[in-house]
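Topology and contacts: notes
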Amino acid sequence: MLIGVPKEIKVHEYRVGLTPESVRELATLGHRVLVQRDAGIGIGATDADYTAAGGEAVAGAEEEIFGRADLIVKVKEPLAQERARLRAGQALFTYLHLAADAEQTRDLVKSGVVAIAYETVTSPSGRLPLLAPMSEVAGRMAVQVAAHFLERAHGGRGVLLAGATGVTPGRVLIFGAGVVGSNAALIALGMGAEVVVLSNAAAPLERLKAELGPRLRTGIATPQAIAAELRDADAVIATAMVPGGLAPKLVTRAMLATMKQGAVMVDVSIDQGGCFETSRPTTHADPVFTVDGIVHYCVANMPGAVPRTSTYALNHATLPFVKQLADRGVVRALVEDEHLRNGLNICRGAVTQREVAQARGYPYVEALRALGAQD
């Protein structure tokens, strides 16, 4: 199969769809991999590294990558100029987060592409194996980010999360006890902060408490508990999500008035619409804004700031699926593997992910039917 890896063009996105090591494995299996020149520069991989691995460094994305490849492997969702280059029947494998993105959904439906989203591919245990690596990175980064913007010079209230002798540590409130929330709690505790994790289910809280010890406070995320904990929080990290769907709105604008001035809110769920009513996507170039005295950090590609770590972590998870798509062919791979098929969001003009169809107002089409494997 002919696989294409374009250079990411989202603002300050330095990750790349495939590492040279991944390209080597695919080339060994007999596949051709076209890599846009300088696509790997953000992870320290040169064009020479890719060619030495058996790939082909090509000049442009439009003709060489999108115009020729059967399978496009990216990291972030295709931007408008990239979506215009997609061809009917071509396969796209990347993060999509369509429930919160009407324009992207419309363009992908119109293009006729076969769009497979990393974030909805499942495992036999029901987990999300391609979302987990970046969730781990984002959770760990979220606390670093919160600590940075709590500094007075960056608009925060001037609190050190670790505190000091005779001075109470900062308090971090985390919504969600999944991969992102667990990693955020780990780092926040390690920095010496007081940490509270709220979740809508007891089981993940019990697991997290057993892992991280008695310093961690936990609770069920009732409206009353959320309101009470917000008042005392110096930093709030939102990680709650619905696989493939819109994130739940947990904090309204009216609730900001009860918070400490200069507190920082980090919305890790912004790709899925965000957990705060006042959230809107930001970039690494302009990462924060303030509403009613509360600093909001809503960067939609947080792990892009640490591209080498992120790309290698992501490739460890995605490469087996890329191999399946390339070895078996896209349609056969999707038909034969229900867990990979759960990643199919749009197929030849049909929306095949139920939560996306509901969020964006499209009719839902069962994936096997869209693939032509079911009458």
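Anyway, here's the lowdown on the structure attached to this text. (Residues numbered from 1 in each chain as written. Predicted model: local features only at pLDDT ≥ 70, side-chain atom pairs only at ≥ 80, totals over all residues. Heavy atoms only, no water.)

Notes on helix H6 (residues 132–150)
- Counted at 1.5 Å a residue, the expected span for H6 with its 19 residues is 27 Å, and the 27 Å between its end C-alpha atoms agrees.
- For H6, the buried fraction is high: 14 of the 19 residues fall into the buried class. (Helix = DSSP H or I, 4+ residues; strand = E, 2+ residues; numbered from the N terminus. Expected span 1.5 Å × (residues − 1). Buried < 20%, exposed > 50% of the residue type's maximum accessible area, 1.4 Å probe, protein only.)

Side note on helix H5 (residues 102–111)
- Of all the residues in H5, the buried ones are Gln-104, Thr-105, Asp-107, Leu-108, Val-109 and Ser-111.
- Looking one or two residues beyond H5, the residue adopting positive phi is Gly-112, at roughly 80°.

Considering unusual backbone geometry
- Look at Asp-38: it is not a glycine, yet its phi comes out positive at around 70°.
- Within the secondary structure layout, Asp-38 lies in the loop between strand S2 (32–36) and helix H2 (47–52).
- Residues other than glycine seldom take positive phi values, yet Asp-292 does so here, at roughly 50°.
- Mapping Asp-292 onto the fold places it in the loop between strand S12 (288–291) and strand S13 (294–297).
- For Asp-292, a relative accessible area of 38% translates into the label partly exposed.

Some points on the environment of Ala-59
- As for its position among the elements, Ala-59 is in the loop between strand S3 (56–58) and helix H3 (61–66).
- Judged by relative accessible area, which is 54%, Ala-59 ranks as exposed.
- The sequence separation of Ala-59 and Asp-38 amounts to 21 residues, and the corresponding C-alpha distance is 9.1 Å.
- The residues contacting Ala-59, other than those within four sequence positions of it, are Gln-36, Arg-37 and Glu-64. (Contact = heavy atoms within 4.5 Å.)

Describing the sheet that holds strand S5 (residues 91–94)
- One open sheet holds the eight strands; their spatial order is S3-S2-S1-S4-S5-S6-S14-S15, and the pairing between them is mixed. Edge positions in the sheet fall to S3 and strand S15 (350–351), since each of these pairs with one other strand and no more.
- Where strand S14 (residues 344–347) lies against S15, two bridges are found, and the strand directions are antiparallel. Residue pairing across strands places Ile-346 opposite Val-351, the latter belonging to S15.
- Lying on the sheet, helix H11 (residues 307–328) is in contact with strand S1 (2–5), strand S4 (71–73), S5 and strand S6 (114–117); it crosses S5 at an angle near 170°. (Pairing = 2+ DSSP bridges. Axes fitted to C-alpha atoms, helices over the stretch in contact; angles between N-to-C directions.)

Quick look at the packing of H6 against H11
- Two numbers describe how H6 lies on H11: the axes approach to 8 Å, and their chain directions differ by 155°. When the axes of H6 and H11 are compared, the pair comes out roughly antiparallel. When H6 is examined against H11, the residues Pro-133, Met-134 and Val-137 are found in contact with a partner set consisting of Ser-310, Ala-313, Leu-314 and Ala-317.
- In the contact of H6 with H11, the residues fall into six nonpolar, one polar and no charged. (Parallel < 35°, antiparallel > 145°, perpendicular 65-115°, else oblique. Nonpolar A, V, L, I, M, F, W, Y, C, P; charged D, E, K, R; others polar.)

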